[in-house]
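Topology and contacts: notes
Read off the chains here:
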Amino acid sequence: MDITIYHNPDCGTSRNTLALIRNTGVEPHIVDCLTQPPGRDALTGLIARAGLSVRAALREKGTPYLELGLDDMSKTDGELLDAMLAHPILINRPFVVTPLGVRLCRPSAVVLAILPLPQLAPYTREDGQPVLQHD
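As the structure is a computational prediction, the values presented were derived from the model and not from experiment.

Let's talk about helix 3 (residues 77-86)
Along helix 3, the positions that sit buried rather than exposed are L80, L81, A83 and M84. For helix 3, the angular spread of the buried residues around the axis is 160°, confining them to a single face. On the buried face of helix 3, the contacting elements are helix 2 (40-49).

Structural notes on the pattern of salt bridges
Applying the stated rule across the entire model yields four salt bridges. Between R15 and E126 there is a salt bridge, and its shortest N-O distance comes to 2.6 Å. A residue pair is termed long-range when its members are at least 10 positions apart, and R15 in helix 1 (residues 12-22) and E126 in the loop between strand 5 (123-124) and strand 6 (130-132) qualify at 111 residues. The class of R15 is partly exposed, set by a relative accessible area of 31%. For R40, the salt bridge goes to D82, with nearest N and O atoms at 2.6 Å.

Here we look at helix 2
For helix 2, every residue scored as buried is listed here: L43, L46 and I47. Burial along helix 2 is one-sided: seen end-on, the buried residues are contained in an arc of 95°. Exposed side chains of helix 2 directed beyond 90 degrees from the buried face belong to D41, A48 and R49. On its buried face, helix 2 sits against strand 1 (4-7), helix 3, strand 3 (95-98) and strand 4 (101-104). Two residues or fewer past helix 2, G51 is found with a positive phi of approximately 75°.

Concerning unusual backbone geometry
Note the cis peptide between R93 and P94, where omega equals 5°. Tracing the backbone through its elements, the reader meets P94 in the loop between helix 3 and strand 3. Cis rather than trans, the peptide bond between R106 and P107 has omega equal to 0°. Structurally, P107 can be placed in the loop between strand 4 and strand 5.

Analysis parameters
Residues numbered from 1 in each chain as written. Predicted model: local features only at pLDDT ≥ 70, side-chain atom pairs only at ≥ 80, totals over all residues. Heavy atoms only, no water. Buried < 20%, exposed > 50% of the residue type's maximum accessible area, 1.4 Å probe, protein only. Helix = DSSP H or I, 4+ residues; strand = E, 2+ residues; numbered from the N terminus. Arc of directions from axis to C-beta. Contact = heavy atoms within 4.5 Å. Salt bridge = Lys/Arg side-chain N within 4 Å of Asp/Glu carboxyl O.

Take a look at the structure:
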């Protein structure tokens, strides 16, 4: 089963998404999006396949978003991509690629729609919120 997660290990949503993938019994290919960010073509492809605009794939919280003037709505997609490539922390995460599609998994439960295999056990997020429970 070929599943890839563009992951930031410091991000709780990303860790929860990874745990949900592993809860199917699959070990995904993990790409640390801060140390191994996707190239321009790959990033553009992820965003398009997820059905997002470039701006929707841009992370604001905990990034140099404001300092770089990215809140300026006249910035082009190319300029936003340039900023994301220069500062990978600006790439929202986690993006997950499976045979069923690509999603930006925020919140983490979004990944459930594109996982080809069922969850093997109940799952509770790091913050204690149940995602999957026994019936």
